[in-house]
Amino acid sequence: MAHYVLLVLAFTLSSSEFSSTGFEHDIKRHVWSRGEDTVGTFNSAIKPAGMEPPDYGNQTWTSEGFSVIASWPDSTKKLGQLSAVSLDVDGNIVIFHRGDRVWDGNTFLTNNVYNQRAMGPISQPTVVVFNASSGLVVEEWGRSIFYLPHGLTVDADNNVWVTDVALHQVFKFSQGGGKPLLTLGVAFMPGNDDDHFCKPSAVAVMSNGDFFVSDGYCNTRIIKFDKNGKFLIQWGRNSFQGIRSPVYEFSVPHALTLAEDKEMLCVADRENGRVQCFNCHNGSFIVQFRSREMGSRIFSVAYSPAQGGLLTVVNGPEFGGGGLVSGFVISLARKQLIEAFSPNGQGFHNPHDVAISTDGNQIYVVELDPYKVWKFVKGSVNSTRIEPRPIANTSTSAIKSVIPQNGLNFSRVQIVELPVNSSSASTIAAMVGIISIAAVIAVVIFAAVMKIRKRGGSHAFGTDDLEYSKLME
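None of the values given here were measured: they were computed from a predicted structure.

Caption draft 1: Looking closely at the overall build of the protein chain. Within the protein chain one finds four helices and 29 strands. Burial analysis of the protein chain (473 residues in total) assigns 53% to the buried set. Residue pairs at least 24 apart in sequence account for 54% of intrachain contacts in the protein chain once pairs closer than 6 positions are excluded. For the protein chain, the exposed surface amounts to about 21000 Å²; the carbon and sulfur share of it is 53%.

Printed below as a string of structure tokens:
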């Protein structure tokens, strides 16, 4: 009986901790335990800008649609698995590819150590810059540096930031490559402390130079560093694929994008099929997006400040098959899924990353297989058009569902919002969790005692007990 009760207690306590205290635990462990509160990180007065409930009035808004440019880029340029895409300050398109390397079941050992180190670094240039108009190669670099490229972003100073999942490292380069300006992580050594990563997936850089790393495939955490690479804060806990996880939990935080005008960092929570957005100053949760159309796997997300803020998302193939592999556009101003796009409306195969221009008129998608870079421009019919219906202006609802006006087979987009830095909400959540745990324990103990009394003393587990134990394993 004691073993039975302890099993239930451990399960309920761990569930409560994951759902209600994971975020605070991780940040406090690294900041408060050191007696630090850098630049008011936990100042409750901090509030994200531009996230007040919008005044919808009687307005409607209609997407113009995106069409694919079939002849872009230069087809003579041979590429490998394409893992990342970004736009530089000059409007060029910067991609990261794996050359002759393919990530498969033999690439890593079970302890996440790279298993193909003997092959040496990729001999081909892995960073390729294309002219946005002509599609011709402007420059390329990154030869004999990387082993398994993953994430890439270009900051406001045209510095190029990349992650290599084989090296378990993050690099900052000046435009054109050369010697890294900054290197984080220890080569080929996975870990989960302040100095190690485990298959880091992406980087996002603020205008002041502070940056975020999604770490990634093993550690399922978001880490914020200052411009010099000094650790500031982290948040995130592991969740299980296919389970509706609480906020702050990730199942492969796969890509990052900054909406700095709204003070938000958004994360493509890949295997949870959602986008979670956090305050970029202190990591507190703001909003998350998911929908049936976007499916259960979200590979990447990108942001444009156009039209009050647009999030562009690409999903991935469902494990069970079915569903359209596509790109999607979410309007932050309307809190609305407004359109879907793909090559001639036929869907992608294995998209891995997406980028959108500042004006929102161009979208770029890269695929792992086929080895393809797609360019989309606004202004055609190769997308699903939605005319959003205005919704009530309210700040009291915790969950808002928005329904397209014309009903073009788009289900509701679930938008979950939580108060920022709300101590009262945290207290209530903690009290509810404690009461729930106590109730569960009381019911279990009562049931066990009654069963023992009924059978006249202690006994081995019966059929019912075995079935319940299997559910708990």
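Read on, since the account is not over.
Caption draft 2: Quick look at the pattern of salt bridges. Counted by the stated rule, this structure contains seven salt bridges. Of the charged contacts, one joins arginine 274 and aspartate 269 as a salt bridge, the two residues approaching to 2.7 Å between their closest N and O atoms. Assigned by exposure class, arginine 274 and aspartate 269 land together as buried. The partner of glutamate 271 in a salt bridge is arginine 297, and the shortest N-O contact between them spans 3.1 Å.

Caption draft 3: Just unusual backbone geometry, in detail. Note the cis peptide between aspartate 215 and glycine 216, where omega equals -10°. Locating glycine 216 in the fold gives a position in the loop between strand 11 (211-215) and strand 12 (221-225). A cis amide bond links aspartate 369 to the next residue, proline 370, at an omega of 5°. Tracing the backbone through its elements, the reader meets proline 370 in the loop between strand 25 (362-367) and strand 26 (372-378). One non-glycine residue, serine 144, adopts positive backbone phi at about 60°. You can see serine 144 is positioned in the loop between strand 5 (137-141) and strand 6 (149-154). Serine 144 sits in the partly exposed class, given a relative accessible area of 44%. One non-glycine residue with positive phi stands out, namely threonine 220, at about 45°. Mapping threonine 220 onto the fold places it in the loop between strand 11 and strand 12.

Caption draft 4: Examining the pairing of strand 20 (residues 298-304) more closely. Extensive coverage of strand 20 is indicated by the burial of seven of its seven residues. Looking at chain direction, strand 20 and strand 21 (residues 310-315) are connected through six bridges and run antiparallel. When the sheet's bridge partners are listed, tyrosine 303 is paired in strand 21 with leucine 311.

So, how was this worked out
Residues numbered from 1 in each chain as written. Predicted model: local features only at pLDDT ≥ 70, side-chain atom pairs only at ≥ 80, totals over all residues. Heavy atoms only, no water. Helix = DSSP H or I, 4+ residues; strand = E, 2+ residues; numbered from the N terminus. Buried < 20%, exposed > 50% of the residue type's maximum accessible area, 1.4 Å probe, protein only. Contact = heavy atoms within 4.5 Å. Areas by Shrake-Rupley, 256 points an atom, 1.4 Å probe, with all protein chains shown as cover. Salt bridge = Lys/Arg side-chain N within 4 Å of Asp/Glu carboxyl O. Pairing = 2+ DSSP bridges.

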